[in-house]
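A structural walkthrough
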Amino acid sequence: YRTSGDPALLHEAMRKFPDNAQVAFEAVLAGDLSPEDHRQWLNRLERAAPDNALASYLSAFDYFNSGRIDQGIQELSAASGKPQFQDYTLDRIQNDKEAYLAAGYPVAEAETLSSRSLELPHLHEVKQLGRDLITLADAYRQSGDQDSAQAVLEMAVDLGRRFGNASASSTLVSPLTGLAIETLALGAMDPNSPYGENGQTVQDQLNQIARYNEAVRNLAKQAQSLMPRMSDQDWISYTDRRMLFGEVAALQWVVSKYAPQ
């Protein structure tokens, strides 16, 4: 299903493996379920992956989307206590690559296709959840409940951070989405208020995120301009490095090897 996009294959998996976390993950993102079935599969995902914070975030988005704000807040509170954040990206890329190899594609082409064909629909839902939290915090603030507003904004910051450090992620888009959510949440706070335990302010953190964001984007732009020069073997090395060390490290490798010294 991941490789072909054929929904019949997903429905077969849903029938045969209803308690599998990755099947449930794909089911809730497929977009062809009724609201009742969508909630059922979200519940199955949470049961199959009880330590995965992303399951709670997707559930929270569904609750917010249906107007059940209290249940959404409960899911966000549950997410903050879960140790893992798993979107199965590495598994999905590896499975796609194996499918292309089994179909007879050359290794370099299989590596490239498995990355380019990867879809990440959950990013839209999580980013919208971040926006919903900003809106909720504003509503609390307008009603005079500053403590609740701050608590919700901190949930939004935590949501952004849970996407992880870009240096350890196999794709850039996921951590950049997390940085965007964190930036939105911090931007709704008093820029001069304390942030963290190192004497920083909210504005200091915003400035740090902006510098890091710009550096990563510049690195990606430079590496992409060099990629047409890469050999098939280097494409294989690049994708292997991305899977092992993250996309930032893989892009740095491309620049160090191909950029003029």
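Our subject is the structure that appears above.
Quick caveat: nothing in here was measured; it's all calculated off a predicted structure. (Residues numbered from 1 in each chain as written. Predicted model: local features only at pLDDT ≥ 70, side-chain atom pairs only at ≥ 80, totals over all residues. Heavy atoms only, no water.)

Moving on to the nonpolar core. The biggest cluster of nonpolar side chains holds 70 residues, and the ones touching the most others in it are Leu-45, Tyr-238 and Val-254. Leave out the neighbours within four places in its chain, and Val-254 touches Ala-223, Leu-226, Met-227, Met-230, Tyr-238 and Ala-259. (Core = buried A, V, L, I, M, F, W, Y, C linked by side-chain atoms within 4.5 Å. Buried < 20%, exposed > 50% of the residue type's maximum accessible area, 1.4 Å probe, protein only. Contact = heavy atoms within 4.5 Å.)

Another aspect to go through is the packing of helix α11 (residues 202-226) against helix α13 (residues 247-258). Between α11 and α13, the shortest axis-to-axis distance is 9 Å and the interhelical angle comes to 55 degrees. One element, α11, and the other, α13, form an angle in the oblique class. The handedness of the crossing between α11 and α13 comes out as left-handed. Taking contact as the criterion, the partners of Leu-219, Ala-220, Gln-222, Ala-223 and Leu-226 in α11 are, on α13, Val-248, Leu-251, Gln-252, Val-254, Val-255 and Tyr-258. Its residues assigned to classes, the contact of α11 with α13 shows nine nonpolar, two polar and no charged. (Axes fitted to C-alpha atoms, helices over the stretch in contact; angles between N-to-C directions. Helix = DSSP H or I, 4+ residues; strand = E, 2+ residues; numbered from the N terminus. Parallel < 35°, antiparallel > 145°, perpendicular 65-115°, else oblique. Left-handed = near helix turned anticlockwise from the far one by under 90°. Nonpolar A, V, L, I, M, F, W, Y, C, P; charged D, E, K, R; others polar.)

So, on to the side chain of Lys-97. Note on placement: Lys-97 falls in helix α6 (residues 89-102). Assessed through its relative accessible area of 15%, Lys-97 is described here as buried. Beyond its immediate chain neighbours, meaning those up to four positions away, Lys-97 contacts Ala-110, Glu-111 and Ser-114.

Those residues of helix α1 (residues 7-16) not exposed but buried are Leu-10, Ala-13 and Met-14. The buried residues of α1 occupy one face: seen down the axis, they fall within an arc of 100 degrees. Turned more than 90 degrees off the buried face of α1, the exposed positions are Arg-15 and Lys-16. In this structure, the buried residues of α1 make contact with α2 (21-29) and α3 (35-48). (Arc of directions from axis to C-beta.)

Turning next to the packing of helix α8 (residues 122-142) against helix α10 (residues 173-187). In the contact formed by α8 and α10, the axes pass within 9 Å of each other and the chain directions differ by 5 degrees. Judged on the interaxial angle alone, α10 and α8 are roughly parallel. Here Leu-123, Val-126, Lys-127, Gly-130, Arg-131 and Ile-134 of α8 come into contact with α10, specifically with Val-173, Ser-174, Thr-177, Ala-180, Ile-181, Leu-184 and Ala-185. Considering only residue class, the contact of α8 with α10 consists of eight nonpolar, three polar and two charged.

The backbone of Tyr-88 sits at a positive phi, close to 65 degrees, despite the residue not being glycine. Position of Tyr-88 relative to the elements: it lies in the loop between α5 (69-80) and α6. You can call Tyr-88 buried: its relative accessible area is 8%.

This brings us to the side chain of His-122. Position of His-122 relative to the elements: it lies in helix α8. Here Asp-87 takes part through its side chain, which lies 3.3 Å from a polar atom of the side chain of His-122. Apart from residues no more than four positions distant in its own chain, His-122 is found in contact with Phe-25, Leu-29, Leu-54, Leu-58, Asp-87 and Arg-92. (Polar contact = N/O pair within 3.5 Å; in protein donor to acceptor, adjacent residues only side chain to side chain.)

Going through the model one piece at a time under the given rule, you end up with nine salt bridges. Put simply, Glu-12 and Lys-16 hold a salt bridge, and the shortest N to O gap is 2.7 Å. On the criterion of helical spacing, the pair formed by Glu-12 and Lys-16 is a turn pair, its members being four residues apart in helix α1. Take Glu-12: its relative accessible area is 29%, and that puts it in the partly exposed class. Across the pair Lys-97 and Glu-111 runs a salt bridge, and its minimum N-O distance is 3.6 Å. Pair noted here: Lys-97 is in helix α6 and Glu-111 is in helix α7 (residues 107-116), with a separation of 14 residues, a long-range link. A single burial state applies to Lys-97 and to Glu-111, both of which are buried. Sharing partners across several salt bridges, the network here consists of Arg-2, Glu-26 and Arg-92. (Salt bridge = Lys/Arg side-chain N within 4 Å of Asp/Glu carboxyl O.)

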